[in-house]
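Residues per chain are reported as follows:
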Amino acid sequence: MNKISIIALGALAIGSASLTAGTPAPAPVAPSAPIAAVPSDLSYNLLEVGWLHTEFDTPGLDSSDGVGLSLSYSPINNFYLTAGGAWSSVDTARDSADLWTANVGIGGFIPVTTNIHFVTEVGAAFYGFDNSPIGSDNDASLYVRPHFRGRWGRFEAHAGAAWSNIDVTNEWAGFGRLYYGITDNVDLAGGLSAGKDEITFNVGLRLRY
């Protein structure tokens, strides 16, 4: 091999090395970010207090007025714990009596859309009828409460039915509730429930915490 060939081969090798060194390495492709779930405006961390008025269609019972409280807390997605109670003064045919009710249960919800959920709640319901001239009574039962909840801006609506087999009801009762947000976490509340022997109206306040 003559000197010219050697020089040519050397120049070719140097040029190839320079081109290789000057070519940028391909940039690593970042993994695509997971699609974030769309948050819902519906909350299950709730505290509600209110006034209750019931009209009875039962012999010996007229109407009642009282107060109620309910609490729910969602420790994990799609489930919540709940408890509540109420006291009312009942006008009877002879005098008045005290009516106490309480419940404790667990609920689960399935999003139908981002702002509408199907909810089912099950648990135990209790009631006591005291200080009556016709005597006292108490009972306990399983209860089931399937319903829908939806929220649109400051408005929220619940609609469904509740079943229990305690002496004071012994039936299904349909219910509806409306809420209006007066602050970021406080709602005005109003609604009614209606069964075979009574209809109850409620108004109050609800805290979303």
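For every chain, the first residue of the written sequence is number 1, and numbering continues from 1 onward in sequence order. At least 70 in pLDDT is required for a residue's local features to be given in this predicted model, at least 80 for side-chain atom pairs to be given and counted, and no such filter applies to totals for whole chains, interfaces and linings, which use all residues. Computation of side-chain values covers all heavy atoms of the structure but excludes hydrogens and water.

Engineer: Residue-level account of the overall build of the chain, with values.
Structural biologist: The helix and strand inventory of the chain stands at one helix and 10 strands. Taking all contacts inside the chain whose residues are at least 6 apart in sequence as the whole, residues at least 24 apart take part in 48%. To be clear on the numbers: accessible area is Shrake-Rupley with a 1.4 Å probe, and residue cover counts the displayed protein chains and nothing else. Of the roughly 12,500 Å² of accessible surface on the chain, a fraction of 67% belongs to carbon and sulfur atoms. Numbering of helices and strands starts at the N terminus; helices are DSSP runs of H or I of at least 4 residues and strands are runs of E of at least 2. Whether two residues are in contact is decided by their heavy atoms, any of which lying within 4.5 Å being enough.

Engineer: Tell me about the sheet that holds strand β5 (residues 116-130), residues and numbers included.
Structural biologist: Ordered by their spatial adjacency, 10 strands build a closed barrel running β1-β2-β3-β4-β5-β6-β7-β8-β9-β10, and the pairing between neighbours is antiparallel. For this sheet, the mean inter-axis angle between neighbouring strands, taken without regard to orientation, is 20 degrees. As judged from the 10 bridges shared by strand β1 (residues 46-56) and strand β2 (residues 61-76), these two strands associate in the antiparallel manner. Paired with Leu-47 across the strands is Leu-71, a residue of β2. Between any two strands, at least two bridges found by DSSP are needed for them to pair. Note on definitions: angles span 0 to 180 degrees between N-to-C directions of axes, and those axes are lines fitted to C-alpha atoms, for helices only across the stretch in contact.

Engineer: Give a detailed account of unusual backbone geometry, specifying residues and quantitative values.
Structural biologist: Backbone geometry at Asn-78 places phi at a positive 75 degrees, although glycine is not the residue there. Mapping Asn-78 onto the fold places it in the loop between β2 and β3 (79-92).

Engineer: Just give me the short version of the confidence of the model for the chain, but keep the residues and values in it.
Structural biologist: Overall, the prediction assigns the chain a mean pLDDT of 85, with 79% of residues at 70 or greater. Each residue carries a pLDDT value, the predictor's own confidence for that position, ranging from 0 to 100. Across the chain, the element-wise mean pLDDT spans from 40 in helix α1 (residues 3-22) up to 98 in strand β9 (residues 186-194). This stretch, residues 1-23, has a pLDDT under 50; its non-local contacts, to residues over four places away or in other chains, come to two contacts. Within the model, pLDDT remains below 50 along residues 33-37, and this stretch shows zero contacts once partners closer than five positions in the same chain are excluded.

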